[in-house]
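Coordinate inspection notes
In case you want the letters, here they are:
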Amino acid sequence: ELGVCYYPEQWPREKWQDDARRMKELGLSWVRVGEFAWAHMEPRPGDLRWEWLDEAIDVLGRAGLKVILGTPTAAPPKWLVDLYPDILPVDTKGTVRKFGARRHYCFSSRRYRQEAARIVEAMAKRYGTHPFVYAWQIDNEYGDHDTVYSYSKEAERAFRLWLAERYGTIDALNAAWGTNFWSMRYGAFEEIELPNNLVEEPSPTHLVDFIRFSSDQVKSFNGMQADLLRRHAPGRPVTHNFMSNNFDFDHYEVGADIDIASWDVYPMGGLLNGRLSDDNKARYLRTGDPDQTAFYHDLYRAVGRGRVWVMEQQPGPVNWASHNQAPADGMVRLWTWLAYAHGADMVSYFRWRQIHYAQEQFHSALLLPNGEPDQGYQEVAQVIAEIARLPAGARRKKAEVALVVDYPSRWASRALPQGRSYDATAIGLDWYAALSRYGIDVDIVGQHCDLDGYAAVFAPDLLIVDAVFVERLAQCGAKALFGPRSGSKTPNLQIPTSLPPGPLNALLDMQVVRVESLPEFHIESVLHGNETYPASVWRETIRTSEPVLASFSGEYRDGAPALVGNSKARYLAVVAQGDLLMKVIGDTLDWAGVARQPDLGDLRVSRRGPLHFAFNFGKVSAEVPAATEAVFHVGERILTPIGVAVWTE
Amino acid sequence: ELGVCYYPEQWPREKWQDDARRMKELGLSWVRVGEFAWAHMEPRPGDLRWEWLDEAIDVLGRAGLKVILGTPTAAPPKWLVDLYPDILPVDTKGTVRKFGARRHYCFSSRRYRQEAARIVEAMAKRYGTHPFVYAWQIDNEYGDHDTVYSYSKEAERAFRLWLAERYGTIDALNAAWGTNFWSMRYGAFEEIELPNNLVEEPSPTHLVDFIRFSSDQVKSFNGMQADLLRRHAPGRPVTHNFMSNNFDFDHYEVGADIDIASWDVYPMGGLLNGRLSDDNKARYLRTGDPDQTAFYHDLYRAVGRGRVWVMEQQPGPVNWASHNQAPADGMVRLWTWLAYAHGADMVSYFRWRQIHYAQEQFHSALLLPNGEPDQGYQEVAQVIAEIARLPAGARRKKAEVALVVDYPSRWASRALPQGRSYDATAIGLDWYAALSRYGIDVDIVGQHCDLDGYAAVFAPDLLIVDAVFVERLAQCGAKALFGPRSGSKTPNLQIPTSLPPGPLNALLDMQVVRVESLPEFHIESVLHGNETYPASVWRETIRTSEPVLASFSGEYRDGAPALVGNSKARYLAVVAQGDLLMKVIGDTLDWAGVARQPDLGDLRVSRRGPLHFAFNFGKVSAEVPAATEAVFHVGERILTPIGVAVWTE
Amino acid sequence: ELGVCYYPEQWPREKWQDDARRMKELGLSWVRVGEFAWAHMEPRPGDLRWEWLDEAIDVLGRAGLKVILGTPTAAPPKWLVDLYPDILPVDTKGTVRKFGARRHYCFSSRRYRQEAARIVEAMAKRYGTHPFVYAWQIDNEYGDHDTVYSYSKEAERAFRLWLAERYGTIDALNAAWGTNFWSMRYGAFEEIELPNNLVEEPSPTHLVDFIRFSSDQVKSFNGMQADLLRRHAPGRPVTHNFMSNNFDFDHYEVGADIDIASWDVYPMGGLLNGRLSDDNKARYLRTGDPDQTAFYHDLYRAVGRGRVWVMEQQPGPVNWASHNQAPADGMVRLWTWLAYAHGADMVSYFRWRQIHYAQEQFHSALLLPNGEPDQGYQEVAQVIAEIARLPAGARRKKAEVALVVDYPSRWASRALPQGRSYDATAIGLDWYAALSRYGIDVDIVGQHCDLDGYAAVFAPDLLIVDAVFVERLAQCGAKALFGPRSGSKTPNLQIPTSLPPGPLNALLDMQVVRVESLPEFHIESVLHGNETYPASVWRETIRTSEPVLASFSGEYRDGAPALVGNSKARYLAVVAQGDLLMKVIGDTLDWAGVARQPDLGDLRVSRRGPLHFAFNFGKVSAEVPAATEAVFHVGERILTPIGVAVWTE
Ligand SMILES: [Zn+2]
Ligand SMILES: [Zn+2]
Ligand SMILES: [Zn+2]
């Protein structure tokens, strides 16, 4: 089902009726309203004004649209931050971040928690059982613009309490942080400060505890709202719209407290900020990275325990990236189908009408500022017509392949980078992309997830390995491939007593006795089969009794193992990219007995229930890998650029 | 006439006499003194010491030099900022900028206004009618080192008052800033803060209002001094020495309050900081950008309503750029002639003798630190001899071609960049350079200027278009070429209701329905005539009933209009550079009936009354475009590198 | 003799005994302990706990190891900075640098001086005459992480006193700083502020005085500790472990107060941060810059007046650089021999066992975290066996060639860079490297050093020349080569009255009449002999009656002198690199009668007493320049990559 984001507070009331009618006419079912409207709900302290929102919901609902109501806590009004200045967050240099945009609040502000609870409860009481309000969104895009971390006095106070809770005694903290080093010992929790403005880097455990704490603050802030909504709006699903490319807090943890994970899909800026080389960015300039969007659909499907929505779908060029190119005509349709193929049950476009003022005036919409349909509008109309042709009710099945994404491991490599070019986000995406180029459907999983039924599990950057996860993996039938650094840190960010890969020794008899990070201008060589592949970024020296499947070649430690493994698990001692990565991933799939396509190039495929999908991100037509007897519901066997095909076999 | 900058307070009195004599002997007529000497005029609070300045002026005047006296407000003394610390400016991070260099004052400090008025009035009373003081300079280089914008409490206070004045009611401000967006609504002017240290970018109108406010603060500070000087120094022209490459405040507005616009010419640093590629920087390393200096002469001629001086002419290598290469021998002469050709009536070299201490000790001068003549001295002597050969009294005529430079439009693209590579300063210079390569004399105009008599008007980046300007343009006989983004913003930085180009719809029937900014690694193609040209940076999709003169070609929206126009006006939907820009500008000139040269390559020409000038910025000799009957007063028809030719036809 | 750094406070007591035994077994003689252990010595205010240290020293000493005891002042405990917050340093933006790592103290804090004296005196009294404590190290790595400069109130106070002491009267300061410029005049020392957060750069003399002051603060802080140690630990040598690549304070001055200069050898990070191009960094990735380490050995030999130790030798990959590549196997051995060849009498590895927690957990050691020997351990064992084969007691002789390194000159080019690409550290190393490629042993000297006996003196960047140094140079037999900028500044950073090279006019009849700095994309040409060489960075125009030995060629001032000289001294008017530098250095050696090898490529040689050494930093085997009758004690005539040869002739 499709929807749109709408801001009645930004348009004259005279337009609401007509807007609602046209939304419905286009075939939309959902409309999101209300997030960012606190100043309209409560223009002065305590002066709650619901009348306008009553009317807006009424107009939209009566037009036949289902309303998603957003809590407005991402943008506290000016009078509120003036009354309680300690609401404001503090940046890493110690500077207070001022009012005038959004997300100007510190998750640790006790006063802000009270005030947020007050407005959310008032809203939930008024609209919780409103017949037109079908779902709730909490806040908006946690973490945008580095807002998970605040270095305020309130955060310092809360951090100390959190540490006392976590460690019990200061001695336990001293042991975990390793404060025997450099005389860093603390005598009491009250002595602890936030890890900014130090002379050098802090203890990595100090830093990672601050990240964990900050993540927990997001979870509890979100959970507080979820509880209120559950109480006053029983039976209405609760969501939050996550962003892509943000690993500042544990999305699984926040996701556990909501019903549906939604996210905001902006592939044009995602491309420019992303992992690809400039050459590939030029190549995919108007289609976006062919794998990044799918990756986040799959990630948020995991975060939402199977339920994922797109709350904001880019409808054309936007305003906030370093450059803001237009997507190719057809991409809005393609992205909508891509979301559906990857399990999304709702796609909402951001936004209905382009706004002619303020920060996002260059952000396109389904309508131009003057109300005329823009390109995206036409493509939405097309998708809606096409969807009507499909058999209904398809659900995505569990995939054969799982890829592990683990937030604490991401924080571990952030706190202990060891080399500027080790980029866990890029590595995770590269592995996912290699699987996609082989036509594989992937489930993204956390360490807490059930592994039964997977044929293969890929763990590109699992620095911190759970014993329970290893146990579960050992007992399921899956083969596993681990990237370098796997198991290299305990939960407290120390080196395991038994040396890395620590708990993975249950699967692999090996030790990592040396790691090194490598500058961009240096290339290592890996001999795999009869071919030599370049590699870079990171290399490990391992000692093992396991069979060696590939080895380093060159001046330095010629012949040292680069890939080792047994019948259950393999370990890669280098960051693999390009052809080497395709080789290693392809071999692993074959070993695990997962059927794969030959390299699909710029085609991507996906399955949802009985439906097969193909997408062409390339510049030439290509044949989709459909069975000869396939019945095409959308598109054809030969898929033109920006084309979408949907078939059953 | 030629002059020099001199600092008697930096040299023993014994040298003054001899220095004055040698200046006169060289043929100089003017000498600037006094700016930066507050600590010598008033070494302790209220203790005014004029005796040394009396003597200095006397010595210089008696030697036959006309004195330009500078007010010393660019450098308040230490005792003053210690007495009144709120004089000091505050940087964008909120840090107070300390004493120890210059320009350490906030334009909004009420106390500093009083103190500046006090010292200027005292000076003006003493020297206002002094027979040797022929002109006054106010302050020095407004805006140097980001000093237009101060984030102090004083600035916040003044900004609130300025907003109350501008908007009358807070509702009007809320409407203009679009505070319905993101709950940014303000309840009172007292709630407003300065737009620094926000979580994200502020409303662009908030930002641009702060720029406008800051510009007005410069204007009123300057105007306060101008009023005092007019009162006490009647009949003496008042100037300020502007910098190149600074669009932080509206120079037309400040220029309106003075009699002559002067500026400081440093082409070597200008080249390195400027628009050219590294290859072209290498090519023009010792000559400077062949167009940048001429552009600013023409701009400041507009700012000075026809009267322009060079207050500081680079005499050799200087000290403040990232690198400080020496100009080619001959360039000091060339720059002097260039200034004259573009309408300057006075050129003053900075400085007489190189100083052996403090920040600018590497700044060369006419004399070495030990008093010997340096290279610049010899070249000045040559210019003076050459000038003597010319017929006197030539005035620059109104040009056939006008190029629009508009400060609010520059601020608009700064507040709403939309793409990192859109650089209005470079675009304006590129258009100017294309006209210059066709041998065209250009008048730079603001939107307030009279357009009668121009055959063609070029507007490369006129984002905010005045209705009156459009009216005036419509009624004059000029053809017009508009660059992309023209008319795209209302004065409050909103999108026009009728879509861009807004008020230009009076001239052109078209709408811009999409804009996009493009990264450096992507190239668009434009088909113009039978040739295809590369383009980048910015592309628009337009809808129009006007004839299409060039179109985009390629995968994306192939055939979409790139240049459209009718018999009055043309609109370019892309940032044109290189050959495409030469093609478009050349065609426009032909269409407007403006005679042009073939591309002059590294030659540049100019006219002042009956005099024709040519300058060779290249590495090989070239023939100047002189009529066969031309009489050469300086140089010859075949112009060697770094050569200057002056002729009448 | 070899040693190791050990941290008993980081390991359970049960391990001490065994660790000590294994150290001795490996053949180590020295062990450094105690620096960074303040929190263990004094866990609460005044609660001194020596028992653990008594035991640790006892265990180590009884195992036969000589203890170097470090004072713990590089890491004051948390309770101390909480008691006295003005201990903390303040960064250049004015932000207090917090506790949580190390070096979190301001050298100007009076309170910290007292507290440091208190703990050092207590330690010295307890262990000063302890039979197992053979030497003392003061503090740790002065200057790490920009900690020489603190912008605190305490520093401001101390700076004013220092200035009053230096100048006597404020008028003298005004004259030195050139405050006649820009009205910078001060009325009293109390008015002076620290040179941070200014609108523009401060007076270079203001800046350089702050550097001198900060350097003096380090000296007096260190001297205070040295005095206490001398008093209570008579006869035990006192050292400090300097870092490479740090010119923030005058190491000769600090070195004057200690007995042995030691330093910390980390060639892998040094390479990446260093002077070489990316191509050469790739080439020497796992060996390090072949000259940088040797340069610092020679520098610290000068700082230690002949006595130099290596306190921390990199044993494998480390943790703190942008990337942390592994050294080639064999490099730990090679570096140990290199240290010995350059005069080091002790090499101590950092550290005994890799620590599994805190900031440096990726720093390798002789043992892996689990106690197994790592690669470095094996190489140390090899060195120890090899050393046993050598004749004992070799001392390094005075070299024929001296290279001048002068701290105030370094500060001068920092305060007056004049061009972004002038890098004095790189220039000094480049000259040293050219000498090394000719097989020359070099003594690094300060201006205070005796010059008798040198055949040639090289001064690559001696901006500030001492009259006494010139006198001494004139009277000794050495030939001299001066780089550009030599003698260009007086001690107060002014231009000499006689123009540069100022005091060098006693040796050379010439004046520098113009300097220029050049961007990377521009190349000058120098004609030397019959060949033309590229040059860049810096060019001077000189006027001279001396013979011209090389000249510039090209468009700009074709034929101007590039190298001039007489029978005593030569002056180079350009920054020479690559082939031009090899040519100029080679010629100078020949002129001075210093025998040289042909370019050694990747081989390096050195002599210590009767012993000759060669090191192969290349990728292919090479023949060492040994006499035919040479007797090889280590290695052979044909030296494999990473090889070391030691012979007598
Ligand atoms: Zn954002
Ligand atoms: Zn400046
Ligand atoms: Zn460090």
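These figures come from a predicted structure and were not determined experimentally.

With that out of the way, let us pick up the overall build of chain A. Along the backbone of chain A there are 18 helices and 25 strands. Relative to the globule expectation of 26 Å for 649 residues, the C-alpha radius of gyration of chain A, 25 Å, shows essentially globular dimensions. Viewed in the frame of its principal axes, chain A has a C-alpha envelope of about 75 × 75 × 40 Å. Classification of the 649 residues of chain A by burial places 69% in the buried group.

Counting residues in each nonpolar core, the largest one holds 672 residues, and the members touching the most others are Leu299 and Phe482 of chain A, Leu299 and Phe482 of chain B together with Leu299 and Phe482 of chain C. When neighbours within four sequence positions are excluded, Leu299 of chain A is seen to be in contact with Phe247, Tyr252, Val405, Tyr407 and Ile444 of chain A.

With that out of the way, let us pick up the interface of chain C and chain A. Between chain C and chain A, the residue contacts involve 63 residues of the former and 50 residues of the latter. Of the roughly 5000 Å² buried at the junction of chain C and chain A (both faces included), carbon and sulfur atoms supply 55%. The interface formed by chain C and chain A contains nine salt bridges. With a closest N to O distance of 2.8 Å, Arg557 of chain A and Asp329 of chain C form a salt bridge. Counting across the chain C and chain A interface gives 30 residue pairs in polar contact (both at pLDDT 80 or more). Going through the elements one at a time, helix 2 (38-41), helix 4 (78-83) and helix 11 (278-283) of chain C are the ones with two or more residues in the side of chain C that touches chain A. When its residues are assigned to classes, the side of chain C that touches chain A shows 26 nonpolar, 19 polar and 18 charged.

The subject of this paragraph is the packing of helix 1 (residues 13-26) of chain A against helix 3 (residues 51-62) of chain A. All names here are of chain A. Packing of helix 1 against helix 3 brings their axes to within 9 Å, and their N-to-C directions diverge by 30 degrees. Looking at the two axes, helix 1 sits roughly parallel to helix 3. Between helix 1 and helix 3 lies a crossing of right-handed hand. Residue-level inspection shows Arg13, Trp16, Gln17, Ala20 and Met23 of helix 1 in contact with helix 3, the latter providing Glu51, Trp52, Glu55, Ala56, Val59 and Leu60. When its residues are assigned to classes, the contact of helix 1 with helix 3 shows seven nonpolar, one polar and three charged.

With that settled, the discussion passes to the side chain of Gln354 of chain C. Looking at where Gln354 of chain C falls in the secondary structure, it is placed in the loop between strand 8 (344-349) and helix 14 (375-387). When its relative accessible area of 9% is taken as the criterion, Gln354 of chain C is described as buried. At 2.8 Å, the side chain of Gln354 of chain C forms a polar contact with the backbone oxygen of Gln361 of chain C. Once residues lying within four places of it in the same chain are set aside, the contact partners of Gln354 of chain C are Ile495 of chain A together with Trp11, Gln361, Phe362, His363, Ser364, Ala365, Leu367, Leu368 and Pro369 of chain C.

Rules of the game
Residues numbered from 1 in each chain as written. Chains lettered and ligands numbered in written order. Predicted model: local features only at pLDDT ≥ 70, side-chain atom pairs only at ≥ 80, totals over all residues. Heavy atoms only, no water. Helix = DSSP H or I, 4+ residues; strand = E, 2+ residues; numbered from the N terminus. Rg over C-alpha atoms; globule rule 2.2 N^0.38 Å. Buried < 20%, exposed > 50% of the residue type's maximum accessible area, 1.4 Å probe, protein only. Core = buried A, V, L, I, M, F, W, Y, C linked by side-chain atoms within 4.5 Å. Contact = heavy atoms within 4.5 Å. Buried area = accessible area lost by both parts, 1.4 Å probe. Salt bridge = Lys/Arg side-chain N within 4 Å of Asp/Glu carboxyl O. Polar contact = N/O pair within 3.5 Å; in protein donor to acceptor, adjacent residues only side chain to side chain. Nonpolar A, V, L, I, M, F, W, Y, C, P; charged D, E, K, R; others polar. Axes fitted to C-alpha atoms, helices over the stretch in contact; angles between N-to-C directions. Parallel < 35°, antiparallel > 145°, perpendicular 65-115°, else oblique. Left-handed = near helix turned anticlockwise from the far one by under 90°.

All we've got here are geometric facts, nothing functional implied.
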